Amino acid sequence: MKVTVIGAGVIGLSAALMAQARGLSVTVIDREGPAAGASAGNAGAFAFTDILPLASPGILRTAPKWLLDPLGPLTIPPAYALRIAPWLYRFWRACSPRAVAASTSAQTALMDLSRAELEPFLASTGTLPMLRKDGNLQVYESEAEFRASLPGWEARTAHGIEFRHMGPEEMAALQPGLSPRFIKGTFTPGWWSIADPKLYVQALAERFRAQGGTILQAEVTGLAPQGEGVSIQTTDEPMSADKVVLAAGAFSHRIAATLGERIPLETERGYNTTLPPGALDLRCQITFGGHGFVISRLSTGIRVGGAVELGGLSLPPNFKRSEAMLRKAKAFLPDLKTGGGTQWMGFRPSLPDSLPAIGRSKASPNVVYAFGHGHLGLTQSAGTARLVADLLTDVSPAINLDAFSSQRF
């Protein structure tokens, strides 16, 4: 069987490698090449404890205040506000308690599968030495902020997720130099990370090629059912395959539209600054939840980034957002050296209910969708790859995929 995977990010290449392991002949095609998009500039976290959807009653309470700050954790550029209105309506509907409970259950199942698949996948691809298990520290500036987080931790308790709350002394022992403005924290040891996400995805590409896979650079402009297979239109020459995996991140909905499917995928534009490796003695990832960003330790530097800008694919970057996060990071960690950094902006593909689209296309059973993971592409990559391989080989998927259907909207 000949399979073409559209997308050479962490989802696409993980799926390609697992399909290879099932004995399939796989070609990957990408508009820019391996690790060119969100897979290159993310925080490097396997956030298996992050089971709560972004769409929730809590975000409805917080978002209005955040939206007043154009450089804050959440912003919508005025030039994009009208266009994103239908997506925001679907997001609002996904914030109901019933919808949140369903999304949390589905997200937990995918997280559990992804965690179980990760280490065997890393071992099989020669990338296990890149895995780190340093955990994550979520910090709070007030008792009110801490209390507001407790329902989320209770939900995690119900799903067996380990964590412990900390006072200032324990936090200082875990991470020296943290500003005393943070009066409490919560440490989750099950929050793992990769040494560097770009180097990791490039290593996957090298392993895929070494095992006989081909990676082509071209932009896919359309798909169409063709007999027992799929026709692929590109900016280069037309192609065909027995089966296609659509894992093109934030551009996936444009390609799905050529199959007649309208999928409400939007773009969370994420920003960061990567500082030199000696910028801070960082012991674990730190999440500044009230400010919408994290600071993480990579083998290539210290990365300060996050936040959400719902601004689509075409507007120019606003690197004032990166600068604002860096100023806050300096205030929160006074020993941080902020010089010599590199700024980045990338597109995170996001669906309104915070769940990805994983499953067969409505237009053709020979097209498998694997996109829309939002902040959790790296985290859910191994689990998604397992599900894609199951679908390609007509094996019953490891988890129920009803909640991830592209036809749920």
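Residues numbered from 1 in each chain as written. Predicted model: local features only at pLDDT ≥ 70, side-chain atom pairs only at ≥ 80, totals over all residues. Heavy atoms only, no water.

(A) Structural view of the sheet that holds strand β21 (residues 367–371). A sheet is described by the order of its strands in space; here six strands give the open sequence β10-β2-β1-β14-β21-β20, paired in mixed fashion. The open sheet has two free edges, formed respectively by β10 (214–217) and β20 (357–360), since each of these has just one partner strand. With direction set aside, neighbouring strand axes in the sheet form an average angle of 20°. Sheet topology note: the strand β1 (residues 2–6)/strand β2 (residues 25–30) ladder contains five bridges and is parallel. Looking across to β2, one finds that Thr 4 is bridged to Thr 27. Where helix α8 (residues 197–210) meets the sheet, its contacts fall on β2 and β10, and the angle it forms with β10 comes to roughly 120°. The sheet contacts of helix α11 (residues 381–392) involve β1, β14 (243–246), β20 and β21, and relative to β21 the element is tilted by about 175°. (Pairing = 2+ DSSP bridges. Helix = DSSP H or I, 4+ residues; strand = E, 2+ residues; numbered from the N terminus. Axes fitted to C-alpha atoms, helices over the stretch in contact; angles between N-to-C directions. Contact = heavy atoms within 4.5 Å.)

(B) The side chain of Arg 321, seen in detail. Along the chain, Arg 321 turns up in helix α10 (residues 320–332). One buried charged residue, Arg 321, forms no salt bridge at all, with the nearest opposite charge on Glu 309 at 4.4 Å. Apart from the residues lying within four places of it in its own chain, the contact partners of Arg 321 are Pro 70, Leu 71, Gly 72, Pro 73, Leu 74, Thr 75, Tyr 271, Ala 307, Val 308 and Glu 309. (Buried < 20%, exposed > 50% of the residue type's maximum accessible area, 1.4 Å probe, protein only. Lys, Arg positive; Asp, Glu negative; His and termini not counted. Salt bridge = Lys/Arg side-chain N within 4 Å of Asp/Glu carboxyl O.)

(C) Spatial organisation of the sheet that holds strand β3 (residues 45–46). With antiparallel pairing, three strands are arranged side by side in an open sheet as β3-β9-β5. Across the chains shown, the open sheet's two edge strands, defined by having one partner strand only, are β3 and β5 (131–132).

(D) How the structure looks around the packing of helix α1 (residues 10–21) against α8. Two numbers describe how α1 lies on α8: the axes approach to 10 Å, and their chain directions differ by 30°. If you check the angle between α1 and α8, you find them roughly parallel. Once α1 is placed against α8, the crossing between them reads as left-handed. Here α1 contributes Val 10, Leu 13, Ser 14, Ala 16, Leu 17 and Gln 20 to the contact with α8, which in turn contributes Tyr 200, Val 201, Leu 204, Ala 205, Arg 207 and Phe 208. Partitioning the contact of α1 with α8 into residue classes produces nine nonpolar, two polar and one charged. (Parallel < 35°, antiparallel > 145°, perpendicular 65-115°, else oblique. Left-handed = near helix turned anticlockwise from the far one by under 90°. Nonpolar A, V, L, I, M, F, W, Y, C, P; charged D, E, K, R; others polar.)

(E) Expanded view of the side chain of Ser 103. Position of Ser 103 relative to the elements: it lies in helix α5 (residues 97–124). Once residues lying within four places of it in the same chain are set aside, the contact partners of Ser 103 are Pro 53, Asp 353 and Leu 355.

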